[in-house]
Every structure is written in C-alpha cells, then in structure tokens.
Amino acid sequence: MVTIKRALLSVSDKTGLAELGAALAARGVELVSTGGTAKALREAGLAVRDISDLTGFPEMMDGRVKTLHPKVHGGLLALRDNAEHVAAMEAHAIGAIDLVVVNLYPFEATVAKGADRAEIIENIDIGGPSMVRSAAKNHGFVTILTDPADYPVLLAEMAEHDGGTSAEFRIRMAGKAYARTAAYDAAIASWFAFADSAAGVPQAEPFPATLPLAFKRADTLRYGENPHQAAAIYVPQVIGTRGVPQATQLQGKELSYNNLNDADAAFELAAEFAGQEPAVVIVKHANPCGVAQGASLLEAWQAALECDSVSAFGGIVAVNTELDAATAEAISAIFTEVVIAPSVSAEAREIFAKKKNLRLLESGPLPDPRRPGLALKTIAGGVLVQSRDAGAVSLDDLKVVAKRAPTEQELKDCLFAWTVARHVKSNAIVYAKGGATAGIGAGQMNRRDSARIAAIKAKEAAATYGWATPRTVGSAVASDAFFPFADGLLAAAEAGATAVIQPGGSIRDDEVIAAADEAGLAMVFTGMRHFRH
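Computed from a predicted model, the values in this text were never measured in an experiment.

Novice: Run through the overall build of the chain, naming residues and quoting values.
Specialist: Each helix and strand in the chain was counted, giving 19 helices and 23 strands. Radius of gyration (C-alpha) of the chain: 30 Å, far over the 24 Å computed for a compact globule of 533 residues. The C-alpha extent of the chain, read off along each of the three principal axes, is 95 × 55 × 40 Å. Across the 533 residues in the chain, those meeting the buried criterion constitute 48%. If you take every contact in the chain between residues at least 6 apart in sequence, the share linking residues at least 24 apart comes to 56%. Counting only carbon and sulfur atoms, one obtains 54% of the accessible surface of the chain, whose full area is about 24800 Å².

Next up, the structure:
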C-alpha cells in the first residue's frame, strides 16, 4: 500500500477536477499544479502549490516548458526502497510525488475540428506524456490517472485503503496510461504520415515503414461471428467518416458482430446512390440479395425484395433517403434484423416500435463512396493493407467491344449492375433491369456458376410472383472481373441477358467477344476490376 501525500495535477480536460482536488485536499494531500489547472483549483477555493515553486524555475516559452525538470521527474521516478535513490533525493531536495493526474492536450480533437497546421502542432503535448510515462513506469510507488472517469474510482480506492492505493490498482492504471500515450503518439504519427499539409513538404509514401494505428473500444459485443468467439468494436480516435458505429440506434436489441458487418455492407452500397432516386439495399451475410431504385422508396423496396425474397428473410436493409411510413410498414411484413437510414420519420418509428427486436439505426448523411482510405485484413503473421476500392467508371469510360452497341436503357442497366457488382463477393455476377437487380450470383469459385445461380434465383422469383418470364430476360449483366472463358457469358445469354459489362483484359477476350457477337449481345469493357474477398 502506498499512501498519497502529494499529488501533481495538470489537465487539459477539467471535468471533475474541482471535486477531485477537494477530496484530495480533505485528506491532507498537497496539491501541486500547472497553469490553467492551478487556476481552476484556486477558483474552486483550494490551496495549490505552483509547479514553478516546486522546481525553482518559472513556466516559460508559452507553457511549453514547465514540468520537464529533475525535481518533477526525480520525484516520480525515484525508487523509494533504493538507498541510493533516496540519498539522491535528499541531496538535491527532491520531494516524492505519489499521485499524477494528467490528461493530454486535445491533439485528436484539434485535428478533427479542421484546425490549421500551427494549432495542430501546438496541441502536441510533450510534458504531459513524459510525466505519464514516468509515473506509470514507477507504479510500484506512484499512482497515475489519465481519464476523468477514473477519479471516483481513485477516491473509492483511497477510502478503502486509508488514503492509499493498492499495487493492483496502480498496475491497472499504469497499463491504461501506457495505452493512452501509445494511442496519442499513434494519432500524431498518423497525422504526419497521412494528413500533414505543410507547404513544401511532400506527402509521405502511401505505406509508411511503420503503420501507426490507434483505435478505442466503443463496445464489447455478446460474441463474434460465432458464439464461441469473443468480440468488440473499436473506432478511430479521430472520426473522419461516420458509419454504422456512429449511427444512433433508435430501438431494438444490441447490435451483434454479424449485424454490424452486414449493416456496413448495406450502408456502403446505399451510399452509392446518395442524392439519387430512392434506393433500397437488402443484404444477407455481407452480400446484397436485392437492390433497386424507384420513383418512391416503397417501389424500390418492392423491386429489391422481388429479386430474392427467400434470402431477404432475416436480412439487413439500408436506404438512401428518409425512411417513410409506407416503406416501414412493408419492411415490417417480413423478419428483418437491422434497418439503417439517413433519417427516419416519426410515423415510421411508430410502425417499427411494434417490432421490439428490430434494430433501427439513423445514420445521418451517407458517406462518400469514393473517399480515400486504407483497407486492412489480418493474415497469419501479418496484416495486408491496401487503398480502399474507390475506383469508379462513368459512361464516358465504357468501351464498346461487340458489334452491337448497347441501347440507352441497356447502358443504364449496365452501370446499375456494375455499381452493385462491386459490392458482391467474387466471383460476382449481377443481372439488372429497369433499375433493379434481377439476379445475383455471389462468391462462387468460377464465374459460370455465379451466372447460373443468379439465373436460378431469377427463375424462382418469377415463379413466386407469377411473372411470365424472369427479369433476367432483357437484362444487363455485370461481371466484377473478366470472363476467362466464354462459358460464363453464354450462361448469361441463356438467362436472357442482352447486354454485358465487364472489365476485359483476358487473354481470351477475342473468344468472348466473338461469342457475344454470335449471341447478339452488346458488350462494353470498363478496364477496371472489382474483386471483393
């Protein structure tokens, strides 16, 4: 047990400071403080010793130099059971410091608010992390606090131990302190690596020699992908793009690992249609099973559902505009795990309230699907890092390679199918007609089977809804990568597709083009592949 007799307080976030200072003073703890912290404590009516009085040196250089002094770090780092250390303290009039309360300059918040470079640099804390690390290293004798949420915990600990702290508590706080300084330094390194825009300073290479990443735990989940797996969700310290983790949950059970993963897949695809006609995306196991646009959200929902109503059961729904009552009523007619929308009308909320377990999320504005960023995937022994797949093609990028050029409607259907295909696990085949998916084939080991599976789903939909022909008849078909053989294209032709959009680039392109010509298909190349694994 170590009794706290002297505390050094230097905080940027003043939350709970006055209450903590008063409680420590009531126990006879000497309060030593710096600048604004000392001012706040005095305003609370507490006696405070200035750090300059402790060190014998004034704070200088606009506060940049105040705690970097042997009388501070000697008081923090000295081993109280080491005779040489004790002798050095006595020889140099260094008093022991038993408690350090520090939270750092708000670097992350300064970056997040879009401050200029000078302000960002000024909010890189130097003395604070130094004191935190010194106190944490010497946790055998010193207690370190870096989070205002721990102030009541400290006071409870001191109450239980007659003004002192246990070794277990100090170790726990030391671990938390090092996690904080590590995250803080990672945020600074990340800014220098990816965001510093200093005049005349070239941007760093896309993949620095050391990749600085820092995330904070947002929540612990019930379990992971399977019940025997533990899981949690972490978010960046500096939130750039808002997504599912930042959405407001309006109702329903807590989100699971799979809910979050699938909701993200649906949300990202819905973002492709931001600002366009109403769009609905239905996702199951991270793959879209129905996507459509319509004159109204209700029309889009019905068209998306008709693509694969079997897979839609227990699915995730994302929309690109405010969710209205009519669409909410229709969605409520089938079992749905999660619904996410930029906004939800009051009437829609009332309707969903009848489905107590349905998770309803309000996201706010949709993210930019072409935003830059990194994508990470762990593998045994390492992490694969790549830039986000932000590539896109427009009408002007398409190259007509077949004898027959696509019609205006076929081009629209091609681009719609292409937009969806980039969000489908490879090998991906997507049939689309009139702004709605007609059949989706996902994740097969060869492209022909994906084309056939998508066609089978379209036939099942026709049987379910009593259509004379499947919606693949007269559709456009998108392939996320080139057709290595003509068999996949011929399977699409058999399903009734009349136009094809694909990257091209196969050594057998000529054979595939010849097959398209023989079948009377229009075909365009994008020159861009969208594998998704």
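Novice: Outline the pattern of salt bridges, listing residues and values.
Specialist: Per the counting criterion, the structure on display carries 21 salt bridges. Its salt-bridge partner being Asp150, residue Lys176 comes within 2.8 Å of it at the nearest N-O pair. Of this pair, Lys176 sits in helix 10 (residues 167–194) while Asp150 sits in the loop between strand 6 (143–145) and helix 9 (151–160); the two residues are 26 residues apart in sequence, bridging distant segments of the chain. Residue class for Lys176 comes out partly exposed when judged on its relative accessible area of 34%. Relative accessible area serves as the criterion here: at 9%, Asp150 is assigned to the buried category. With its nearest N and O atoms 2.7 Å apart, the salt bridge here joins Glu268 to Arg371. In this pair, Glu268 is assigned in helix 11 (residues 257–271) and Arg371 in the loop between strand 15 (359–362) and strand 16 (374–379), connecting sequence segments 103 residues apart. As far as burial versus exposure is concerned, Glu268 and Arg371 are alike and both buried. Three or more residues are tied together by salt bridges with common partners; here these are Glu272, Arg370, Asp389 and Arg422.

Novice: Any details on the sheet that holds strand 5 (residues 99–103)? Residues and values, ideally.
Specialist: Pairing in this open sheet of five strands is parallel, and the strands run 4-3-2-5-6 from one edge to the other. Both outer strands of the open sheet, strand 4 (49–50) and strand 6, are each paired with one neighbouring strand and no more. Inspection of the sheet shows strand 2 (residues 6–11) paired to strand 3 (residues 30–33) by four bridges, in the parallel sense. Each bridged residue has a counterpart across the sheet, and for Leu8 the counterpart in strand 3 is Val32.

Novice: Residues and numbers for the pairing of strand 21 (residues 476–479), please.
Specialist: Because side chains alternate across strand 21, one face comprises the buried residues Ala476 and Ala478, and the other comprises Val477 and Ser479, equally buried. Bridge count for strand 19 (residues 429–433) against strand 21 is four bridges, and the pairing is antiparallel. Paired with Val430 across the two strands is Ala478, which belongs to strand 21. Taken together, the three bridges between strand 21 and strand 22 (residues 499–502) define a ladder with parallel strand orientation. Residue Val477 lies in a different strand from strand 22, and its bridge partner there is Val500. Traced from strand 21 through helix 18 (residues 486–494) to strand 22, the parallel crossover comes out right-handed.

Novice: Let's hear about the packing of helix 17 (residues 447–465) against helix 18: which residues, and what values?
Specialist: The geometry of a pair of packed helices is captured by two quantities: the angle between their axes and the separation between those axes. Here helix 17 crosses helix 18 at 10 degrees, and the two axes come no closer than 8 Å. It follows that helix 17 is roughly parallel to helix 18 by the angle criterion. Between helix 17 and helix 18, the residues in contact are Arg448, Ala451 and Arg452 and Asp487, Gly488 and Ala491, respectively. Among the residues forming the contact of helix 17 with helix 18, the class breakdown is two nonpolar, one polar and three charged.

Novice: Quick one: what's the story with the environment of Ala195, residue by residue and with numbers?
Specialist: Within the element layout of this structure, Ala195 appears in the loop between helix 10 and strand 8 (215–221). Given a relative accessible area of 42%, Ala195 falls into the partly exposed group. When the C-alpha positions of Ala195 and Arg117 are compared, they lie 10.0 Å apart, and in sequence the two are 78 residues distant.

Novice: Now, about the nonpolar core: what can you tell me, with residues and values included?
Specialist: Ranked by internal contacts, the top residues of the largest apolar core, which has 48 residues, are Val100 and Ile144. Top element by residues in this core is helix 10. It accounts for eight residues. In contact with Ile144, other than residues within four places in its own chain, are Val100, Val132, Ala135, Ala136, Met173, Ala174 and Ala177.

Novice: I'd like a rundown of the side chain of Ser10, residues and numbers included.
Specialist: Topologically, Ser10 is positioned in strand 2. Reaching out from Ser10, the side chain makes a polar contact with the side chain of Thr34 at a distance of 2.8 Å.

Novice: Describe the packing of helix 12 (residues 297–307) against helix 17, with residues and values.
Specialist: Close contact between helix 12 and helix 17 brings their axes to 8 Å; oriented N to C, the two are set at 120 degrees. Taking contact as the criterion, the partners of Gln302, Leu305, Glu306 and Cys307 in helix 12 are, on helix 17, Lys457, Ala461 and Tyr465. Each residue belonging to the contact of helix 12 with helix 17 can be placed in one class, and the counts come to four nonpolar, one polar and two charged.

Novice: With reference to specific residues and values, describe the packing of aromatic side chains.
Specialist: Tallied over the entire structure, the rule returns six aromatic pairs. For the pair Phe107 and Trp191, a centre-to-centre distance of 6.3 Å together with 85 degrees between the ring planes defines the contact as edge-to-face. Within this pair, whereas Phe107 is found in helix 6 (residues 107–112), its partner Trp191 is found in helix 10, the two being separated by 84 residues in sequence. Note on Tyr465 and Trp467: the rings are 5.4 Å apart at their centroids and 20 degrees apart in plane angle, and the pair reads as stacked. Taken together, the ring pairs connect Phe107, Tyr184, Trp191 and Phe192 into an aromatic cluster.

Novice: Tell me about the state of the cysteines, and name the residues and values.
Specialist: Taken as a whole and assessed by the stated rule, the structure comprises zero disulfides. Looking at the unpaired Cys289, the closest cysteine sulfur is the one in Cys307, lying at 7.3 Å. Among the residues examined, Cys307 registers a relative accessible area of 2% and is labelled buried.

Novice: I'd like a rundown of helix 9, residues and numbers included.
Specialist: Along helix 9, the residues that are buried comprise Tyr151, Leu154, Glu157 and Met158. Buried residues along helix 9 cover an arc of 120 degrees about the axis, so they all sit on one side. Of the exposed residues in helix 9, those oriented more than 90 degrees away from the buried face are Pro152, Ala159 and Glu160. Looking at the buried residues of helix 9, the elements they touch are strand 2, helix 1 (17–26), strand 5, strand 6, strand 7 (164–165) and helix 10.

Novice: Would you mind going over the side chain of Asn287 in detail, with residue names and values included?
Specialist: Position of Asn287 among the secondary structure elements: in strand 12 (residues 287–293). Judged by relative accessible area, Asn287 falls into the buried class, the value being 15%. Each residue touching Asn287, except ones within four places of it in the same chain, is listed here: Ile282, His423, Val424, Lys425 and Ala442.

How each quantity is defined
Residues numbered from 1 in each chain as written. Predicted model: local features only at pLDDT ≥ 70, side-chain atom pairs only at ≥ 80, totals over all residues. Heavy atoms only, no water. Helix = DSSP H or I, 4+ residues; strand = E, 2+ residues; numbered from the N terminus. Rg over C-alpha atoms; globule rule 2.2 N^0.38 Å. Buried < 20%, exposed > 50% of the residue type's maximum accessible area, 1.4 Å probe, protein only. Contact = heavy atoms within 4.5 Å. Areas by Shrake-Rupley, 256 points an atom, 1.4 Å probe, with all protein chains shown as cover. Salt bridge = Lys/Arg side-chain N within 4 Å of Asp/Glu carboxyl O. Pairing = 2+ DSSP bridges. Right-handed = clockwise from strand over helix to strand, strands pointing away. Axes fitted to C-alpha atoms, helices over the stretch in contact; angles between N-to-C directions. Parallel < 35°, antiparallel > 145°, perpendicular 65-115°, else oblique. Nonpolar A, V, L, I, M, F, W, Y, C, P; charged D, E, K, R; others polar. Core = buried A, V, L, I, M, F, W, Y, C linked by side-chain atoms within 4.5 Å. Polar contact = N/O pair within 3.5 Å; in protein donor to acceptor, adjacent residues only side chain to side chain. Phe/Tyr/Trp six-rings, centres within 6.5 Å; stacked < 30°, edge-to-face > 60°. Disulfide = S-S within 2.5 Å. Arc of directions from axis to C-beta.

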